[in-house]
Amino acid sequence: MSTPPLASGPQGPSALRPLLHTVLTALDTGARARGGPLPAGGPDAVAARIRETVGEILPGQGDPHALHTLVHAFAETAADPAHPLCAAHLHCPPLALATAADLAACALNPSLDSWDQAPGASELEALVTAALAEEVYPHSATAGSLITTGGTEANQLALLLARETYGGTVRLMCGTNAHHSLARAAWLLGLPEPLVLPAPAGRLDPAALDEALTRTPGPLLVAATAGTTDAGLIDPLPQIADRCTAHGARLHIDAAYGGGLLLSDRHRPRLTGLDTADTVTLDLHKLGWQPVAAGLLAVRNSQDLTALRHRADYLNAADDTEAGLPDLLGRSLRTTRRPDVLKLAVTLKTLGRGGLGALVDQVCAHARQFARLVHEHPGFELHSPPAISTVLFRPTDATDDTVAAVRRALLTDGHAVLGRARLDGRLWLKATLLNPATGPDDLAALLHLVAARQATLAEGNTPR
Ligand SMILES: *Cc1c(COP(=O)(O)O)cnc(C)c1O
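Residues numbered from 1 in each chain as written. Predicted model: local features only at pLDDT ≥ 70, side-chain atom pairs only at ≥ 80, totals over all residues. Heavy atoms only, no water.

When you look at the overall build of the protein in this model, what are you seeing that I'm missing?
A tally of regular secondary structure across the protein gives 14 helices and 11 strands. For a compact globule of 464 residues, the expected C-alpha radius of gyration is about 23 Å, and the protein comes in at 24 Å, within 12% of that figure. Expressed along its principal axes, the backbone C-alpha trace of the protein runs to roughly 70 × 70 × 40 Å. Considering the protein as a whole, with its 464 residues, one finds that 49% of them fall into the buried category. When the accessible surface of the protein is split by element, carbon and sulfur atoms take 58% of a total near 21,500 Å². (Helix = DSSP H or I, 4+ residues; strand = E, 2+ residues; numbered from the N terminus. Rg over C-alpha atoms; globule rule 2.2 N^0.38 Å. Buried < 20%, exposed > 50% of the residue type's maximum accessible area, 1.4 Å probe, protein only. Areas by Shrake-Rupley, 256 points an atom, 1.4 Å probe, with all protein chains shown as cover.)

Next comes the structure, spelled out in structure tokens:
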């Protein structure tokens, strides 16, 4: 067998073109074979389909049709976030533009651990991280940001930087509404057990925070949330910031979801107070329509990043750095690092703030429309008016078991992907609307499907 063609180099584009044709065809036929937002039949049926398609994954002799076969099966068995009835998680449909840009990143494969592997990519990263830091901390001379694999890594870095600026330890204080990755990061970093405060209405209560700050010895890191994962609620940021200042606590704001509102002139004011935080998590694979991964940690004072400085002679020798080769190793805890910055740069530049802000406005408007449909439907209860693009609702008078069973039945049917959230002691169905192309008919169809499925479950009385 001759050497398989490479993605870059003089032959790269001509080798990729027919392969891309195969991929695009298989994406199309696979999606058609699926029909709905996810494959029908549940986990056993999907596993069987994959196993049957793949056969032996590492055969003695290769299979030249594997690209088509596997991409077709991959698409056929996917939960497609671009389907209007796929609305469970903060799982966005990526823009075609960003995906196309990511292909270039894959083809050239620059690695952002040293300048000699990523000469232009490292400068592009410097531009994009500066621009996004400026969005979070307008007119700041000291702010900066780092690209991460997502909110989880950004939250971990936020705790690490807090620990290091306090000289080795810090205690995390957050609400029950905070993302689970924060407590996990505290565990990973060997920090004391976090102090978790009740968040009765789904938001951190500044008075309760003040009381806890008064009785707890420091050093403390308060983590607030701008856009909770379950309900999309935004903590009262200015009041929280005031309490942190009064008690000398450091503040992190996890804006993995809500940070996208910065791009919208209409919704940006709801993040007032964001720039008071020492660190801010953003996640553009949520309200930013990027393929995974596209996370960011913004820091108010870039000085904090010196904690990440690290020397490896083959990547950033002191004499190379002195001679002017940029030192990239301190911009992440990873070594080899893919250029997630390219798709971000292309998206920001192509759409501009206006284009991205319009997408944010659209999904927020969809949530308000869906909430209105729920509110007007006698068979459903609405949890609360949506704060961002999440709507929590449940069939009136249903038990929690029925709510859970309706969700699973829709998954097994392959008809709709909805999430679940426990709030105020009850289980709710969760629609996270991140698809700007969803139409009013789609929203009505989604509610209709839920009502119909609940009716058949009630008839058969067989919650699964
Ligand atoms: C999604 C989310 C995270 C985690 O982000 P990943 O990109 O999944 O690692 C953290 N915090 C909040 C509030 C989130 O919604």
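Can you walk me through the sheet that holds strand E10 (residues 419-423) in this structure?
Paired through backbone hydrogen bonds, the strands of a sheet run either parallel or antiparallel to each other. Judged by pairing direction, the sheet is antiparallel, and its four strands sit side by side in the order E8-E9-E11-E10 without closing on themselves. Edge positions in the sheet fall to strand E8 (380-382) and E10, since each has one partner strand and no second. Across the sheet, the mean angle separating the axes of adjacent strands is 40 degrees when strand polarity is ignored. Relative to strand E11 (residues 426-432), strand E9 (residues 390-395) runs antiparallel, the two being bridged by four bridges. (Pairing = 2+ DSSP bridges. Axes fitted to C-alpha atoms, helices over the stretch in contact; angles between N-to-C directions.)

Honestly, a positive patch on the surface in this entry has me stumped. Any pointers?
Positive charge collects at one region of the surface, where Arg-266, Arg-270, Arg-368 and Arg-372 lie side by side. Within the secondary structure, Arg-266 is located in the loop between strand E5 (250-254) and strand E6 (279-283). (Patch = residues over 30% accessible without salt bridge, like charges linked within 9 Å, V, L, I, M, F, W, Y side chains within 5 Å. Salt bridge = Lys/Arg side-chain N within 4 Å of Asp/Glu carboxyl O. Lys, Arg positive; Asp, Glu negative; His and termini not counted. Charge placed at Lys NZ, Arg CZ, Asp CG, Glu CD.)

Can you help me understand unusual backbone geometry in this one?
Backbone phi values are negative for most residues with the exception of glycine, while trans is the configuration of most peptide bonds. With an omega dihedral of -5 degrees, the bond running from Gly-218 to Pro-219 counts as a cis peptide bond. Relative to the elements of secondary structure, Pro-219 occurs in the loop between helix H8 (206-215) and strand E4 (220-225). With an omega of 10 degrees, the peptide bond running from Val-292 to Ala-293 counts as cis. Along the chain, Ala-293 turns up in the loop between E6 and strand E7 (295-299). Residue Asn-109 is not a glycine yet carries a positive backbone phi of 55 degrees. Positionally, Asn-109 belongs in the loop between helix H4 (96-108) and helix H5 (119-136).

Just checking my understanding: could you explain empty space enclosed by the protein for this structure?
If a probe the size of a water molecule is rolled over the atoms, the empty space left behind becomes visible. This structure, assessed with the given rule, holds five cavities of 30 Å³ or more. Reported here for the largest cavity is a volume of approximately 80 Å³. Looking at the largest cavity, the residues that line it are Leu-132, Glu-135, Ala-255, Ala-256, Gly-259, Gly-260, Leu-262, Leu-263, Leu-282, Asp-283 and Leu-284. For the lining of the largest cavity, the secondary-structure elements that each account for two or more residues are H5 and E6. Residues of the lining of the largest cavity, tallied by class, amount to seven nonpolar, two polar and two charged. (1 Å grid on protein atoms, 1.4 Å probe; cavity = no way out; pocket = protein on both sides within 12 Å on 5 of 7 lines; lining within 4 Å. Points joined across faces, edges and corners; volume = space filled by probe spheres on them. Nonpolar A, V, L, I, M, F, W, Y, C, P; charged D, E, K, R; others polar.)

Please explain the site of the ligand as it appears in this structure.
Around the ligand sit 13 residues, and of these Thr-152, Asp-254, Asp-283, His-285 and Lys-286 come closest. Within the backbone of Gly-151, one N or O atom sits 2.9 Å away from an oxygen atom of the ligand. Measuring from an oxygen atom of the ligand, one finds a side-chain N or O atom of Lys-286 at 3.0 Å. Out of a free accessible area of 380 Å², the ligand has 85% covered by protein chains. Residue contributions to the shell around the ligand peak at three residues, all from helix H6 (residues 151-165). Residues that form the shell around the ligand fall into these classes: two nonpolar, eight polar and three charged. (Near = heavy atom within 4 Å. Polar contact = N/O pair within 3.5 Å; in protein donor to acceptor, adjacent residues only side chain to side chain.)

Just checking my understanding: could you explain the sheet that holds E7 for this structure?
Strand order in the open sheet formed by seven strands is E1-E7-E6-E5-E4-E2-E3, and the pairing between neighbours is mixed. Two strands bound the open sheet, and with one partner strand each, they are strand E1 (144-148) and strand E3 (195-197). Recorded for the sheet is a direction-independent mean angle of 20 degrees between the axes of neighbouring strands.

For this particular structure, what's the right way to read the state of the cysteines?
A covalent bond bridging the sulfur atoms of two cysteines is what the word disulfide describes. Going through the model one piece at a time under the given rule, you end up with zero disulfides. A disulfide-free cysteine, Cys-244 has its sulfur positioned 12 Å from the sulfur of Cys-174, the nearest such atom. (Disulfide = S-S within 2.5 Å.)

How do you make sense of the layout of surface pockets when you look at a structure like this?
Empty space within the largest pocket amounts to approximately 1,300 Å³. Listed by contribution, the elements that provide at least two residues to the lining of the largest pocket are helix H1 (12-34), helix H3 (66-76) and H4. Counting residues per element, the lining of the largest pocket draws most heavily on H1, which supplies eight residues. Partitioning the lining of the largest pocket into residue classes produces 26 nonpolar, six polar and three charged. Of the residues that make up the lining of the largest pocket, three or more belong to each of domain 1 (12-78) and domain 2 (110-350). Approximately 320 Å³ is the volume found for the second largest pocket. As for the second largest pocket, its lining consists of 18 residues, of which Thr-176, Asn-177, Asp-230, Arg-422 and Leu-423 are closest to the centre. Of the residues contributing to the lining of the second largest pocket, the split by class is seven nonpolar, eight polar and three charged. Composition of the lining of the second largest pocket by domain shows at least three residues from each of domain 2 (110-350) and domain 3 (351-458). (Domains from an automatic or database assignment.)

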